[in-house]
Amino acid sequence: MKCSPKSSLHPLAMSSELPGSNAGIPAGQHPSGAPGGGPTDAATPVVGAFYDRFPYPGDPLQDGPPPGYNWRWCVDSARAFAFGSLPPRDRSGERPWRILDAGCGTGVSTDYLCHLNPGSRVLAVDISPGTLAVAEERTRRSGAAGRVRELRIVQRSLLDLNDEGEFDYINSVGVLHHLDRPEDGLLSLARRLAPTGLLHLFLYADGGRWEIRRTQRALALLGAGTGAEGLRLGRQLLGSLPSENRLRRHHEERWALDTAADANFADMYLHPQETSYDLERLFAFIASGGLQFAGFSNPEVWDPARLLQGELLERARALPLREQWALVENLDPAISHFEFFLTPAPQRQEPLAEASDEALLASGGERNRCLWGWPGTSLLGPDLQPLDLEDGDLELLKALEAAPADTALIALPLPMENAERARRARRLIRDRVLLRLATTGRAA
């Protein structure tokens, strides 16, 4: 499941999963990488050894910044999505977020977290020295450390971070489902989350992994193992089944490109430890950590309008949100993962539609950095979907960038009536081109 930072994360498209390997650690080594160590998970030795054999993800190394972006790794963009607004910048003009990449694997996510969050302090942990060696080389070649105030890449378990204080943003994508007890991992991360922090998780979903699970079980029955022999037999199996076989067709139509790299194939079909969820068990899992659901980070997947229309869509829209999501889960068996944000406490976010024009124009704002083609009217938005701006939208955004930080939208020097200004700002915020500031902007 190779990561694509430009992926929209639609269940039928390439997954952006980045399962790190902090679920385990080679036998005989402490999760902290130092004598004394700390708590480990029952799956630790076997999972750690697996990722030493197959450092994941298998994205190639390159010189210079990583290509494109993934807005979920841009903390400003993620917090504006989850909370509806952003705090002001500090005197240096930055937001020095404290970021934890819990299960960084070969450092693809860490690289983006550094480049998309300048001035932050980043800690990346994993228990596999093999993957960490790749992460260190990747971030060295990209110049990641030069983008942040501090970058630490440490061999350590996410279960053993009690001395690290609190983090504003924790990224743990494709990791907890490789623990023997995922609940312990969630509790550990919850303890490290600041009161106003945001946790981004990615966990396997039952429905879209039907074929994968059967392929895994078949290879286990054949005694394939989790090493080079398993890799050879796995590729042989999926290449030799009858062409009409459901497992072969599913692999060729959906996962062949993602699993071209051996590490990615092994992670999908040979992994020795994994758990998957349905919606009901997912929300029970979230509750076990004492955390609050703050939204799916691929919300378009969970919109019934993607699948229904007319009377059926009207009936779906009348359901409570949880039942709408359950409906989508049942109608789309291709959903292979859940990706979502969690917070320590419920967020009191004023819906954009309920904000008055006066309140909206009194706010400051910033252009989302996760846009392709700026400055211009033809862009790719945060999810790399085509987005066309009007000339007036472009004028508003340019005026905002030229004004002092925290300038209120109403105070921007534009020949634009307040009603038009509010209409444009509202649409730009809805499309996540404009990120609203939590505090009232400068009046002049």
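Residues numbered from 1 in each chain as written. Predicted model: local features only at pLDDT ≥ 70, side-chain atom pairs only at ≥ 80, totals over all residues. Heavy atoms only, no water.

### So, the packing of aromatic side chains
Phase 1 of the analysis: Across all of its chains, the model carries 17 aromatic pairs by this definition.
Phase 2 of the analysis: With a centroid separation of 5.3 Å and an interplanar angle of 45°, the aromatic rings of Y277 and F285 are classed as tilted.
Phase 3 of the analysis: An angle of 5° between the planes, with centres 6.1 Å apart, marks the rings of F283 and W325 as stacked. Here the residue F283 occupies a position in helix α10 (residues 279-288), and W325 occupies one in helix α12 (residues 321-331), the gap between them amounting to 42 residues. The burial state of F283 is the same as that of W325; both residues are buried.
Phase 4 of the analysis: Every member of this aromatic cluster is reached through a ring pair, and the members are F283, F293, F296, W302, W325, F338 and F340.
Phase 5 of the analysis: Against the face of F167 rests R98, its NZ or CZ located 4.4 Å from the ring centre.
Phase 6 of the analysis: In this structure, R246 packs its charged tip against the face of W210, placed 4.0 Å from the ring centre. (Phe/Tyr/Trp six-rings, centres within 6.5 Å; stacked < 30°, edge-to-face > 60°. Helix = DSSP H or I, 4+ residues; strand = E, 2+ residues; numbered from the N terminus. Buried < 20%, exposed > 50% of the residue type's maximum accessible area, 1.4 Å probe, protein only. Lys NZ or Arg CZ within 6 Å of the ring centre and 35° of its normal.)

### Quick look at helix α3 (residues 108-116)
Phase 1 of the analysis: Among the nine residues of α3, nine are classified as buried, and the element is accordingly described as predominantly covered.
Phase 2 of the analysis: Buried within α3 we find V108, S109, T110, D111, Y112, L113, C114, H115 and L116.
Phase 3 of the analysis: Among the structural elements, β1 (98-102), β2 (121-126), α4 (129-142), β3 (150-155) and β4 (167-173) are those in contact with the buried residues of α3. (Contact = heavy atoms within 4.5 Å.)

### Some remarks on helix α14 (residues 391-402)
Phase 1 of the analysis: Along its 12 residues, α14 runs 17 Å from first to last C-alpha, staying within 8% of the 16 Å computed at 1.5 Å per residue.
Phase 2 of the analysis: Within the span of α14, buried status applies to G392, D393, L394, L396, L397, A399 and L400. (Expected span 1.5 Å × (residues − 1).)

### Looking at the packing of helix α6 (residues 210-221) against helix α7 (residues 228-240)
Phase 1 of the analysis: At a closest axis distance of 11 Å, the pairing of α6 and α7 adopts a crossing angle of 120°. Between α6 and α7, the angle is such that the two are oblique. Considering how the two elements wind past one another, α6 and α7 form a crossing that is right-handed. On α7, the residues touching T215, A218 and L219 of α6 are L233, G234, L237 and L238. (Axes fitted to C-alpha atoms, helices over the stretch in contact; angles between N-to-C directions. Parallel < 35°, antiparallel > 145°, perpendicular 65-115°, else oblique. Left-handed = near helix turned anticlockwise from the far one by under 90°.)

What is shown is where atoms sit, not what they do.
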